[in-house]
Amino acid sequence: MSTGKRRKTSVRKGRAPRAARVQYRKKAAGKPKPASRSDFLASAWSMEVEAAERYATFADAMDEHNNREVAELFRKLARIEQLHADQLLEEDLSRRPPILPPGGVRWEGGEGPETAAPGELHYRMQPYHALQIALACEKRANKFFADFASSATDARVRKAAREMAAEEAEHARLIEDWLKRIPPPDEDWQHDPDPPVVAD
Amino acid sequence: MSTIVAPAPIAAQAFKSDYKPIWCPGCGDYAVLSSISKAFAMLELRPENIAVVSGIGCSSRIPAYTNCYGFHGVHGRALAAGTGLKIARPDLTVMVASGDGDGYSIGGNHFLHACRRNVDLTYLVMDNHVYGMTKGQPSPTTEPDWDSKLSPGGTGLRTFHPLVIALAAGANFVARAFSGNPNGTAEIIADAIRTPGFSFVEILSPCVTFRPEQRDWKNQVRPAPVAPTDDPARAARRIMTDDGFNIGVLYKGGRKPYQPAINKGAKHSADLEAEFTI
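Every chain is numbered on its own, with residues counted from 1 as its sequence reads. Chains carry letters and ligands carry numbers; both start at the beginning, A for chains and 1 for ligands, and go up in the order they are written. Where totals are concerned, whole chains, interfaces and linings use all residues; where local detail is concerned, this predicted model gives features only for residues with pLDDT of at least 70, and gives and counts side-chain atom pairs only at 80 or more.

*Asks:* What should I look at first to understand the overall build of chain A in this one?
*Replies:* If you tally the helices and strands in chain A, you get 5 helices and 2 strands. Secondary structure elements are taken from DSSP: a helix is a run of H or I of four residues or more, a strand is a run of E of two residues or more, and numbering for both begins at the N terminus. Each helix and strand of chain A, placed in order from N terminus to C terminus, yields the pattern α-β-α-α-β-α-α. Residue burial is a threshold on neighbouring C-beta atoms within 10 Å of the residue's own C-beta, all placed from the backbone, with 20 or more meaning buried, 12 or fewer meaning exposed, and counts in between meaning partly exposed. Expressed as a percentage of its 200 residues, the buried residues of chain A come to 38%. We call two residues in contact if the C-beta atoms placed from their backbones are at most 7 Å apart. At a minimum sequence separation of 6, the contacts of chain A that also span at least 24 residues come to 80%.

Take a look at the structure:
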């Protein structure tokens, strides 16, 4: 069953340079309550990294099942999210690397808003489905930042949240354009002429 | 003069190995792997201080996907190996992983007695109500009317009720989690590891290939409406009357874990080996 090969995900290879890696310190568990701009940006950075890691996992899963086209698309999405995380590190967090609680940010409602749900894959899915997953993630992230901007009391946090919301909206628009260029799947896209069930 | 500095905590991702999981796309076990690594990170554990032990089945592939010590044992015997390891090396955090077939059928007897012994380890069962690796046979937790090519008309057999059986047999911590909420599952696993004694966590982990209808579990699960109790009778009543979709810690007792004194005069493994030479 096992291929026995040791391979690393593209996200691991594409991680931030060592000096910029996240530092950890103990914080009370609970939902993230970033009080300062740097805390807010640390949460945003974590959201991007989590999204990238999930897409990379999706890409690996699709690779293992020979759905190369969708695997490559998920890998591309992982690279995009990681790039966004790296940009945050370089442009906004270079002087004060993000500090997160052990185990990562405790997002209200489970996972980060931009992280795709773990059970959304199907081995016969097509690029159209993958982009729909990505679109939903970008829209959730946009809503998260927009809601944050409207409730933040600190003016600098509000401004940063608005900027992030605008970026996520732009990403959503780009994916919508991308979707227009991809043919929608046939109705019976799930049909497998040789399904993975033991024959009688 | 050198200074001893405590090692920095490790990020969750670092508990995963470089082996790519080969579960089906959409399988709940991917998320369970993520939850396990997050739980280890939350507790600020280190891979060299953890052993992940498993039996046979899709879920039992999990030790290879972590950077911890791992033991991929024989079918149904994961708890026996895990128990022996914890007794011999009480300093290790021992996590045992199974599926519903491995844990409740082939390993059913070990399950009962591991609960009864109450050794300080954490037992995760990824329950998808089917034997996935062998292509879809009914397992002990399969519904009696599940109609499939391999069980036409359903088995008609009463389902195994692992949580209440664990409770009756003496497990010190009983919880149910859902793979679709990896962070919530990580919190439960961390709580299970923290609680001394035998901690049992049943994780509803959909098999999207042979039980595609389980994709709908995400719409059926809900947080358990009551806080965990330390009264086993009350916990049993609750578990027996719920529909199997209440998520959370359901029972947390205070039994002292079983940990015999280590025999300092134990023979070297080479001496033991010599005794068994024919």
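*Asks:* What should I look at first to understand the pairing of strand E5 (residues 173–178) of chain B in this one?
*Replies:* The two faces of the sheet receive side chains in turn, since in a regular strand these alternate between them. All names here are of chain B. Most of E5 is tucked away: 6 of the 6 residues are buried. Note on pairing: two strands pair once DSSP finds at least 2 bridges between them. The sheet contact formed by E5 and strand E6 (residues 199–204) spans 6 bridges and is parallel. Each bridged residue has a counterpart across the sheet, and for Phe-173 the counterpart in E6 is Ser-199. Once you follow E5 into helix H6 (residues 182–194) and on to E6, the crossover reads as right-handed. Here the term right-handed applies to a crossover when the path leading from its first strand over the helix to its second strand runs clockwise, the strands being oriented away from the viewer.

*Asks:* When you look at unusual backbone geometry in this model, what are you seeing that I'm missing?
*Replies:* Trans is the prevailing form of peptide bonds, just as negative phi is the prevailing case for residues other than glycine. Residues and elements named next belong to chain B. In this structure, Asn-118 is a non-glycine residue whose phi angle is positive, near 60°. Residue Lys-135 is not a glycine yet carries a positive backbone phi of 80°. In this fold, Lys-135 is placed in the loop between strand E4 (122–127) and helix H5 (162–169). Residue classification places Lys-135 among the partly exposed residues on the basis of 15 C-beta atoms within 10 Å.

*Asks:* Would you mind going over the environment of B:Ala114 with me for this structure?
*Replies:* Residues and elements named next belong to chain B. Along the polypeptide, Ala-114 turns up in helix H4 (residues 108–117). You can call Ala-114 buried: it has 26 C-beta atoms within 10 Å. Leave out the neighbours within four places in its chain, and Ala-114 touches Leu-79, Thr-83, Val-119, Tyr-123 and Phe-198.

*Asks:* Explain the interface of chain B and chain A here, please?
*Replies:* By convention, interface size is frequently given as the accessible area that disappears when the constituent parts associate. Every contact between the two is made by 35 residues of chain B and, on the other side, 31 residues of chain A. Where the side of chain B that touches chain A is concerned, the elements lending two or more residues are helix H1 (29–42) and H6 of chain B. Considering every element that reaches the side of chain B that touches chain A, the biggest residue donor is H1(B), with 5 residues. Within the side of chain B that touches chain A, the residues separate by chemical class into 17 nonpolar, 10 polar and 8 charged. Any residue that is not Ala, Val, Leu, Ile, Met, Phe, Trp, Tyr, Cys, Pro, Asp, Glu, Lys or Arg is counted as polar, Gly included; the first ten are nonpolar and the last four charged.

*Asks:* Would you mind showing me how to read the packing of helix H2 (residues 37–64) of chain A against helix H5 (residues 155–180) of chain A here?
*Replies:* For any two helices packed against each other, the geometry is given by the interaxial angle and the distance between the axes. Residue and element names in this part refer to chain A. Interhelical geometry of H2 versus H5 gives an angle of 25° and a closest axis separation of 9 Å. In terms of orientation, H2 lies roughly parallel with respect to H5. Considering how the two elements wind past one another, H2 and H5 form a crossing that is right-handed. Of the residues in H5, those touching H2 at Arg-37, Phe-40, Leu-41 and Ala-44 are Arg-156, Val-157, Ala-160, Ala-161 and Met-164. Class assignment for the residues of the contact of H2 with H5 results in 7 nonpolar, no polar and 2 charged. Note on geometry: axes are lines fitted to C-alpha atoms, helical ones only across the stretch in contact, with angles between N-to-C directions running from 0 to 180 degrees. Here the word oblique covers every angle except those under 35 degrees (roughly parallel), over 145 (roughly antiparallel) and from 65 to 115 (roughly perpendicular). Two helices crossing with the near one rotated counterclockwise from the far one by less than a right angle form a left-handed crossing, whereas a clockwise rotation gives a right-handed crossing.

*Asks:* Help me understand the pairing of strand E3 (residues 93–99) of chain B, please; the structure alone is not making it clear to me.
*Replies:* Residues and elements named next belong to chain B. The element E3 is extensively covered by neighbouring structure, given that 6 of its 7 residues are classed as buried. As paired elements, strand E1 (residues 50–54) and E3 share 5 bridges and run parallel to each other. Bridge pairing links Val-53 to Val-96 in E3.

*Asks:* I keep staring at the confidence of the model for chain A and nothing clicks. Help me out?
*Replies:* If pLDDT is low for a region, its predicted coordinates should not be looked at in detail. Considering every residue of chain A, the mean pLDDT works out to 82; 80% of them sit at 70 or more. For every residue, the predictor assigns a confidence score, pLDDT, that lies between 0 and 100. Low pLDDT (under 50) marks residues 1–31 of chain A, which in the prediction has 46 contacts with non-local residues, meaning those over four places away or in another chain.

*Asks:* What is the right way to look at the sheet that holds E4(B) in this model?
*Replies:* Two modes of strand pairing occur in sheets, parallel and antiparallel, and in both the strands are linked by backbone hydrogen bonds. Residues and elements named next belong to chain B. Across the sheet, which stays open at both edges, the 8 strands sit in the order E2-E1-E3-E4-E6-E5-E8-E7 with mixed pairing between neighbours. Each edge of the open sheet carries a strand with a single partner, namely strand E2 (69–72) and strand E7 (222–223). Across 2 bridges, E7 lies against strand E8 (residues 246–252) in parallel orientation. From the neighbouring strand, Arg-222 faces E8, where its bridge partner is Asn-246. Against the sheet, helix H2 (residues 78–88) engages E1, E2, E3 and E4, with an angle of about 175° to E3. Along the sheet, H5 makes contact with E4, E5, E6 and E8, crossing E5 at roughly 165°.

*Asks:* Can you help me understand the nonpolar core in this one?
*Replies:* Nonpolar side chains in soluble globular proteins generally cluster together in the buried interior. A:Tyr55, A:Phe74, B:Val174 and B:Ile189 are the most contacted members of the largest nonpolar core, which totals 117 residues. A total of 15 residues in this core trace back to one element, the largest contributor, which is H2(A). Apart from the residues lying within four places of it in its own chain, the contact partners of B:Val174 are B:Leu163, B:Ala166, B:Leu167, B:Phe200, B:Ala235, B:Leu250 and B:Tyr251. The term nonpolar core means buried Ala, Val, Leu, Ile, Met, Phe, Trp, Tyr and Cys residues held together as one set by C-beta atoms within 7 Å.

*Asks:* Can you walk me through the environment of A:Glu187 in this structure?
*Replies:* All names here are of chain A. Relative to the elements of secondary structure, Glu-187 occurs in the segment after H5. Judged by the 7 C-beta atoms lying within 10 Å of it, Glu-187 is exposed. Residues Glu-187 and Ala-85, spaced 102 residues apart in sequence, show a C-alpha to C-alpha distance of 37 Å.

*Asks:* Sorry, what's going on with H2(A) here?
*Replies:* Counting along an α-helix, one turn takes 3.6 residues, and residues three or four places apart therefore face a common direction. All names here are of chain A. Its 28 residues place the ends of H2 41 Å apart at the C-alpha level, agreeing with the 40 Å of an ideal helix rising 1.5 Å per residue. With 23 of its 28 residues buried, H2 lies for the most part within the structure. Two residues or fewer after H2 comes Asn-66, characterised by a positive phi angle close to 60°. For a helix, the expected span equals 1.5 Å multiplied by the number of residues minus one.

*Asks:* What's the story with H5(B) in this structure? I'm lost.
*Replies:* Residues and elements named next belong to chain B. Among the residues of H5, those classed as buried are Pro-162, Leu-163, Ala-166 and Leu-167. The buried residues of H5 occupy one face: seen down the axis, they fall within an arc of 135°. Phi turns positive, to about 115°, at Gly-170, one or two residues after H5. Directions from the helix axis toward the C-beta atoms define the arc.

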